Amino acid sequence: MSAASSGPQTVEFSGAGGITLVADEWNRGSSLLANRAADRPTILMLHGGGQNRFSWKNTGQILADDGFHVVALDSRGHGDSDRAPDADYDVETLTADVMHVLDAIGRPVLIIGASMGGLTGILVAHRAGSERVTQLVLVDVVPQFEKSGSARIRDFMFSNIDGFESLEQAADAVAAYLPHRTKPRSPEGLKKNLRLRDGRWYWHWDPAFMTKPGDDPELRTESFEHAASSLTIPVLLIRGKLSDVVSHEGVQHFLATVPRAEFVELSNAGHTAAGDDNDAFSEAVVAFVERGLRP
């Protein structure tokens, strides 16, 4: 492994309709690591719904230290990216945003996507083709995901949409939602995910992302299924063993229908696999990415 990369730079991209998308970017400059990254695909990281680019900070740094150009994107309505006009958070619009980002990057990309970001990644990989998206990592998501697990996520997000009185209250809510994860000694890390307004702490995403009616979920599943089954690139599915969003049946169906899919299960992780066991997650990702570089 090369010498350690410096930390990321904050950059901006233009999404569909000119919306501003904020990202963290590693190895953009003229350093030795950046020169090495020029011979490798860019790694584009897409977070899940209600998260932001900081979900990837540890894995992003590991990949950057390994000599990759890495971009961790805030999806529209999340983190520091613009809130969407007319609350347009349809997955087709998210896909259009990422297609604009691919155009700006201008070189082959490997996509890592968690949950919402993974489903977006499937559509992007299908639409962009194998020369532009060379590999895909899906983090605890498949087209046929478990509706009960998805509903639990939505319930958690809805239940705290009016914010928290303190960081400690927010930390208690997260601990109750993720009982398998060790609660941090300090809630200060949550400042990456919350913003203080009028004396209350609010999640750093647009509430309209949750409240505006969406499209037909059955039709959406068919779209994801079609796109995934048509992929010819290497695909890695990472499941958290404790997940209630991706079932064993969902995994087997995915592996049977996606031509070049492989599978890794993390024993100490749930749906938020990258944060639950980042060391094991990063190890699995690095191994998959490095295999894609071999002749």
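Read on for a plain summary of the structure. (Residues numbered from 1 in each chain as written. Predicted model: local features only at pLDDT ≥ 70, side-chain atom pairs only at ≥ 80, totals over all residues. Heavy atoms only, no water.)

1. Digging into the overall build of the protein
- When you go through the protein residue by residue, the secondary structure sums to eleven helices and ten strands.
- Over its C-alpha atoms the protein spans a radius of gyration of 18 Å, differing by no more than 12% from the 19 Å that the globule rule assigns to 295 residues.
- Oriented by its inertia axes, the alpha-carbon framework of the protein measures out at about 55 × 40 × 40 Å.
- Across the 295 residues that make up the protein, the buried fraction comes to 53%.
- Long-range pairs, those at least 24 residues apart, make up 76% of the contacts in the protein between residues at least 6 apart in sequence.
- Accessible surface, the protein: about 13200 Å² in total, of which carbon and sulfur atoms supply 50%. (Helix = DSSP H or I, 4+ residues; strand = E, 2+ residues; numbered from the N terminus. Rg over C-alpha atoms; globule rule 2.2 N^0.38 Å. Buried < 20%, exposed > 50% of the residue type's maximum accessible area, 1.4 Å probe, protein only. Contact = heavy atoms within 4.5 Å. Areas by Shrake-Rupley, 256 points an atom, 1.4 Å probe, with all protein chains shown as cover.)

2. Observations regarding unusual backbone geometry
- In this structure, Asn 27 takes a positive phi of about 60° despite not being glycine.
- Along the chain, Asn 27 turns up in the loop between strand S2 (20-26) and helix H1 (32-37).
- Despite not being glycine, Asp 140 shows a phi value in the positive range, around 50°.
- Following the sequence through the fold, Asp 140 ends up in the loop between strand S6 (133-139) and helix H5 (147-159).
- A relative accessible area of 0% places Asp 140 in the buried class.

3. Examining the side chain of Glu 25
- Positionally, Glu 25 belongs in strand S2.
- In this structure Glu 25 comes out as buried when scored by relative accessible area, which is 6%.
- Only 3.3 Å separates the side chain of Glu 25 from the side chain of Arg 28, close enough to count as a polar contact. (Polar contact = N/O pair within 3.5 Å; in protein donor to acceptor, adjacent residues only side chain to side chain.)

4. Let's talk about helix H11 (residues 278-291)
- Over its 14 residues, H11 extends 20 Å from the first C-alpha to the last, a length consistent with the 20 Å expected when each residue adds 1.5 Å.
- Those residues of H11 lying buried are Asn 278, Phe 281, Ser 282, Ala 284, Val 285, Val 286, Phe 288 and Val 289. (Expected span 1.5 Å × (residues − 1).)

5. Here's the deal with the packing of aromatic side chains
- This structure, assessed with the given rule, holds six aromatic pairs.
- Measuring from centroid to centroid gives 6.2 Å for Phe 156 and Trp 203, while their planes differ by 55°, and the two rings are tilted. Of the two residues, Phe 156 is situated in helix H5 and Trp 203 in strand S8 (residues 200-203); the sequence distance between them amounts to 47 residues.
- Taking the relative accessible area as the measure of exposure, Phe 156 reaches 15% and is therefore buried.
- Their ring planes at 75° and their centres at 6.4 Å tell us that Trp 205 and Phe 209 sit as a pair that is edge-to-face.
- For Trp 205, a relative accessible area of 5% translates into the label buried.
- Residue classification places Phe 209 among the buried positions, given a relative accessible area of 18%.
- Among the aromatic residues, ring-to-ring pairing joins Phe 156, Phe 164, Tyr 177 and Trp 203 into one connected group.
- In this structure, Lys 147 packs its charged tip against the face of Phe 145, placed 4.8 Å from the ring centre.
- In this structure, Arg 197 is placed above the aromatic ring of Tyr 202, and the distance from its NZ or CZ to the ring centre is 4.2 Å. (Phe/Tyr/Trp six-rings, centres within 6.5 Å; stacked < 30°, edge-to-face > 60°. Lys NZ or Arg CZ within 6 Å of the ring centre and 35° of its normal.)

6. Focus on H5
- Across its 13 residues, H5 extends 18 Å between first and last C-alpha, which sits within 8% of the 18 Å expected from 1.5 Å per residue.
- Those residues of H5 lying buried are Gly 149, Ile 153, Phe 156 and Met 157. Across the axial projection of H5, the buried residues extend over an arc of 95°, all falling on one side. In H5, the exposed positions that point more than 90 degrees away from the buried face belong to Ser 148, Asp 155 and Ser 159.
- Residues of H5 that are buried make contact with helix H6 (167-177), S8 and helix H7 (208-211). (Arc of directions from axis to C-beta.)

7. Some words on the nonpolar core
- The biggest cluster of nonpolar side chains holds 65 residues, and the ones touching the most others in it are Phe 13, Leu 44 and Leu 102.
- Those residues in contact with Leu 44 that sit more than four places away from it in its chain are Val 71, Leu 73, Val 98, Val 101, Leu 102, Val 109, Leu 110, Ile 111 and Ile 112.
- If you look at the next biggest cluster of nonpolar residues, it comprises 26 residues, including Val 139, Ala 284, Val 285 and Phe 288. (Core = buried A, V, L, I, M, F, W, Y, C linked by side-chain atoms within 4.5 Å.)

8. A look at the packing of helix H2 (residues 57-65) against H11
- For the pair H2 and H11, the least separation of the axes is 10 Å and the interaxial angle reads 40°. Between H2 and H11, the angle is such that the two are oblique. Considering how the two elements wind past one another, H2 and H11 form a crossing that is right-handed. Of H11, the residues touching H2 (which contributes Asn 58, Thr 59, Ile 62 and Leu 63) are Asn 278, Phe 281, Ser 282, Val 285 and Val 286. (Axes fitted to C-alpha atoms, helices over the stretch in contact; angles between N-to-C directions. Parallel < 35°, antiparallel > 145°, perpendicular 65-115°, else oblique. Left-handed = near helix turned anticlockwise from the far one by under 90°.)

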